[in-house]
Amino acid sequence: MTNLKISALEFVEEAKNGNISVEDFIGKTLERIDSVEDKLHAFLSINDKALDQARELDKKIKSGEDVGSCFGMPISIKDNMCIKNSKTTCASKMLENFIAPYDATVISKLKKQDAIFIGKANMDEFAMGLTTEFSAYGPSKNPWNTEYVPGGSSGGSAVSVSSFECVASLGSDTGGSVRNPASFCSTVGYKPTYGLISRYGIISYANSIEQVGPLTRTVKDTAFMLNLIAGIDPNDNTTVNNNNEDYLANIDSGIEGKRIGIITDMMGDGIDPEVLTATKEAISKLEGLGAICEEISLEMVKYSVAAYYTITATEAGSNLARYDNLRYGYDFPVEGYEFNSYISKARRNFGPEVTRRMIIGGFVPSAGHAGKYFLKAMKVKTKLTKEINEAFKKFDLLIAPTVPVLPFKIGEKIDDPVSLFLIDINTVTANLTGKPAISIPFKIVNGLPIGIQLLANSMNDKLLLQAAHALEQTVTLPEVPI
Amino acid sequence: MTKIGLEIHCQLTNLQSKLFCSCKANYREFAPNENICPVCAGIPGSLPRLNQEAVKKATMIAMALNCSTPEKIAFFRKNYFYPDLPKNFQITQLNIYGDTSVGGTGTISIGDKKIRITRIQLEEDPGRIIYEGSSSKNQITLVDYNRAGTPLVEIVTEPDFETPREVRDFLNILSDLLKNLGVADPSLEGAMRADANVSVHGGNKVEIKNIGSFHDLEKASHFEITRQESLHDRDIPIAQETRHWDDRRKITVSSRSKEEDLDYRYFLEGDIPWVKINPEIRDELKLKMPESINSKKERYISKYKISAQVADVLSSDKFYSDLFEAAHTESNAKEVANIITTELMGLEDTREKRETSKLTAVHLKELADAIQTGTVSRNSSKNALHAILKTGKSVSAVISELDLGNVSDETELLKIVEKIIADEPQAVEQAKSNIQTINYLVGKVMQATKGKADPTLTLNLLKKQIGI
């Protein structure tokens, strides 16, 4: 009996030993997708060649040919990453018909390792949102309770991993878009140090702060994925050299003697009491493992969300300007239009959240307003970075809940963008400062997941994964009820 | 008082690839939209990959124009919608948030006048728009992105020009300088473009765009000065605006005000980290920098006693000064310089002629030597040069084939001299009283020998025969 619930490392081990037929595993995965997608809507498209690819791999494995280290593992990919010759929509009507003419760097790296891209995962349109409700193709549902949002923007990725529609997923995290849905769906979600993973082929939203990140069932799986996709890329000038770090090696080093700062500004007003309790439990577990925990205040955190939305709207306004529908996009003939009237009409196909942010993005950096908004936001970013760098002189790691609230119902907050914005308070700091951060599944309360977030200093990704692994080992969680 | 400032765009045509991808910088040979990739076509997800060589070349230009060069440079986004702009923003440079452009303030001399440079920035060229169809109703707009992403250096000057003539002189000097640096070939179509800012009597500044050539720039400035002067004379205020040069009607036309009010929302390009230009790089570039036109000129004059005028012409043309450097020796330098400036430049006055010419530096050296040793007269050397350009044959072969060798055989020449003396009794008498007039007789001998007579020998023989 094929077990779809195994971790990535288990899959690799079993496939290597010939205990798994890739064709069988992929077939069963597709059946699982078939049976749950009606309820979950994790995917925007399914790879119709997955079974053929699986058969090819089985042949290779049987004949003793060299096979990549993924051995046909089914991985879902957020629909803002380019896979050559396949649709990449960003969950937007604007890119309804966009077929990517090339592979993103992370895609070509995983292709080389014989991963099978099982499908493109749902998301908020152009990654703007934290519930997937802003997908132009309808929201994904939380597998723990399908009346609830799965988080976002990489909601489809988190849903597909937590409900066994794939073994692992790649999402992207601009302000928490990997960690937030990971927390809401009880998976591991990772936002690496800025520059650790190439962004080439990832459709930009706010390019100066966003990163690709894996969503997996275990911390070890994340380390495994990171080994495959991290590192310098000549196609992305912002990537950093990680000297081919092995993130899996010594992952069980433990955290004895490590100093952990508790970010008080992320546990103040508005935090759900259940989330606060869970965070305190996590802290005492870490102390039980020999860590030294102490409170720290990051003054700038209270301005971080405002700065985050100002900066991301500015960059989004520029990054999304190219969608003039002239060379790719959706079907809308140009005849009879003057350029400006055509593009303003064509661009009406953006959804409400993207439109909102583009209007903000046109305003905050404009002449006469930049000083009051955009430049001020950049100052907050600088100050916050200074502050967190100071904190890392004293602490090895920082801790806070990933999201201050529990998952909420679909539709509950969609008409209240400001209250939605505020939910990002605990996640945007890692993006604004370029630091690595991880969400670890920690607790299920009233059938809804709570994730705990750990942060480390830049390029301390390995240490962060070791700590996350240690915390993960202290908890046993129930299985997803779907 | 007229003030003109310039914004000159020059493509770095000598680079292999575009500014942010590996497509060819030389887009001219391609069919439309064949020299493109996801990066320069602005396909979603693509990222710019900075061409480090372009940064070096642009820094060299800044150094050659005596501009300050910062230790770190940054790129910014200039946001506006235009059909030729694949990303609907242009990656460029700015100096408003500190000196982060590839070049800061500098100067360049035209004669005794110094023109101040405001800044130099490295940026990407947009694509090209081609309008087809006659009336505006059935006009179609075609876009060719082959040019998009071509490395472009923008040189901005202060409004230091007072006449269109100065503008033209400056552009010629700048064009020579860029060629001399080996960064660009400004003669390629569209490789060097300029916009002008014109104001008169301290009034509002008017920007003129869409000027196709330097020649038109001079015309457009003339027109604009006249237009503004006439408004000023009638006390009509001059609007601060952007005007386009209408090449067909040869006038400037006001652009729609919409375009002037654009807010470019400049901000830092996060996809390109700051580039450090440390002292080692600057030193390395300094070593690689070719000798400046001025220094070349000085050297030609002081070392080879070449006349100032010839040295000026020779040094400011990279192609011919390179040829000179390869062809000359200590002894024949002046002769080589003269052949190039008085003969060769006229014979090869177009790019095509230069490219089809079979002349090499070796030819030039041998020809100059032949003149100096008297193997061929200066007169006949012109015919030899013609033949070499066409055939590429050696100097000695050309001289013997065309029978251009000097008549230096004394007995043969004596016969001719005697005949001339017999034919020109009057001139002989004159020469006796005024030695200067003997040149007439030398000329006659030259005529008779089709220019092949050795001039010194001819003179000596004439003097001897006449008895002076």
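What you are looking at is a predicted structure, and each value in this text was computed from that prediction instead of being measured.

### A closer look at the overall build of chain A
No. 1: Scanning chain A for helices and strands turns up 15 helices and eleven strands.
No. 2: Scaling as 2.2 N^0.38, a compact globule of 482 residues should have a C-alpha radius of gyration of about 23 Å, and chain A matches this with 21 Å.
No. 3: Across its three principal directions, the C-alpha atoms of chain A cover 65 × 60 × 45 Å.
No. 4: Residues classed as buried in chain A amount to 63% of the 482 residues present.
No. 5: For chain A, the proportion of contacts with a sequence separation of at least 24, taken over those separated by at least 6, is 77%.
No. 6: If you sum the accessible surface of chain A, you get close to 17100 Å²; carbon and sulfur atoms cover 50% of it.

### With respect to the domain arrangement of chain B
No. 1: Looking at the assigned domains, one finds that chain B contains domain 1 (2-282), domain 2 (291-401) and domain 3 (410-466).
No. 2: Once you take the C-alpha centre of each, domain 2 of chain B and domain 3 of chain B turn out to be 30 Å apart.

### Let's talk about a positive patch on the surface
No. 1: Taken together, the side chains of Lys372, Lys376, Lys379, Lys383 and Lys386 of chain A make up a positively charged region of the molecular surface.
No. 2: Summarising the element assignment, lysine 383 of chain A is placed in helix H12 (residues 374-394).

### What about unusual backbone geometry?
No. 1: Residue serine 153 of chain A follows glycine 152 of chain A across a cis peptide bond; omega there is 5 degrees.
No. 2: Considering the arrangement of structural elements, one finds serine 153 of chain A in the loop between strand S3 (116-121) and helix H5 (155-162).
No. 3: Unusually for a residue other than glycine, asparagine 33 of chain B sits at a positive phi of about 55 degrees.
No. 4: What makes asparagine 33 of chain B partly exposed here is its relative accessible area of 31%.
No. 5: In this model, lysine 250 of chain B sits at a positive phi of 60 degrees, which is unusual for a non-glycine residue.
No. 6: Take lysine 250 of chain B: it is sitting in the loop between strand S12 (241-246) and strand S13 (251-254).

### Regarding the interface of chain A and chain B
No. 1: Taken residue by residue, the interface counts 39 residues in chain A and 30 residues in chain B.
No. 2: Across the chain A/chain B interface, buried area totals approximately 2800 Å², and carbon plus sulfur atoms make up 56% of it.
No. 3: When the buried surface of chain A facing chain B is broken down by residue, Asn237, Arg322 and Arg327 of chain A rank first, second and third, together holding 22% of it.
No. 4: Applying the counting rule to chain A against chain B returns one salt bridge.
No. 5: A salt bridge links aspartate 271 of chain B to arginine 199 of chain A, with the nearest nitrogen and oxygen atoms 2.9 Å apart.
No. 6: Counting across the chain A and chain B interface gives 19 residue pairs in polar contact (both at pLDDT 80 or more).
No. 7: The set of elements that each furnish at least two residues to the side of chain A that touches chain B consists of helix H9 (301-319), helix H10 (339-346), helix H11 (352-363) and H12 of chain A.
No. 8: With five residues, the top contributor of residues to the side of chain A that touches chain B is H9 of chain A.
No. 9: Residue composition of the side of chain A that touches chain B, by class: 18 nonpolar, 14 polar and seven charged.

### Examining H11 of chain A
Residues and elements named next belong to chain A.
No. 1: Taking 1.5 Å per residue as the helical rise, H11 with its twelve residues ought to reach 16 Å, and the 17 Å between its terminal C-alpha atoms agrees with that figure.
No. 2: Taken as a whole, H11 has its buried residues at Glu353, Val354, Arg357, Met358 and Gly361. One face of H11 carries all of its buried residues, which in axial projection span an arc of 130 degrees. For H11, the exposed residues set more than 90 degrees away from the buried face come down to Pro352 and Ile359.

Cut-offs applied
- Residues numbered from 1 in each chain as written.
- Chains lettered and ligands numbered in written order.
- Predicted model: local features only at pLDDT ≥ 70, side-chain atom pairs only at ≥ 80, totals over all residues.
- Heavy atoms only, no water.
- Helix = DSSP H or I, 4+ residues; strand = E, 2+ residues; numbered from the N terminus.
- Rg over C-alpha atoms; globule rule 2.2 N^0.38 Å.
- Buried < 20%, exposed > 50% of the residue type's maximum accessible area, 1.4 Å probe, protein only.
- Contact = heavy atoms within 4.5 Å.
- Areas by Shrake-Rupley, 256 points an atom, 1.4 Å probe, with all protein chains shown as cover.
- Domains from an automatic or database assignment.
- Patch = residues over 30% accessible without salt bridge, like charges linked within 9 Å, V, L, I, M, F, W, Y side chains within 5 Å.
- Salt bridge = Lys/Arg side-chain N within 4 Å of Asp/Glu carboxyl O.
- Lys, Arg positive; Asp, Glu negative; His and termini not counted.
- Charge placed at Lys NZ, Arg CZ, Asp CG, Glu CD.
- Buried area = accessible area lost by both parts, 1.4 Å probe.
- Polar contact = N/O pair within 3.5 Å; in protein donor to acceptor, adjacent residues only side chain to side chain.
- Nonpolar A, V, L, I, M, F, W, Y, C, P; charged D, E, K, R; others polar.
- Expected span 1.5 Å × (residues − 1).
- Arc of directions from axis to C-beta.

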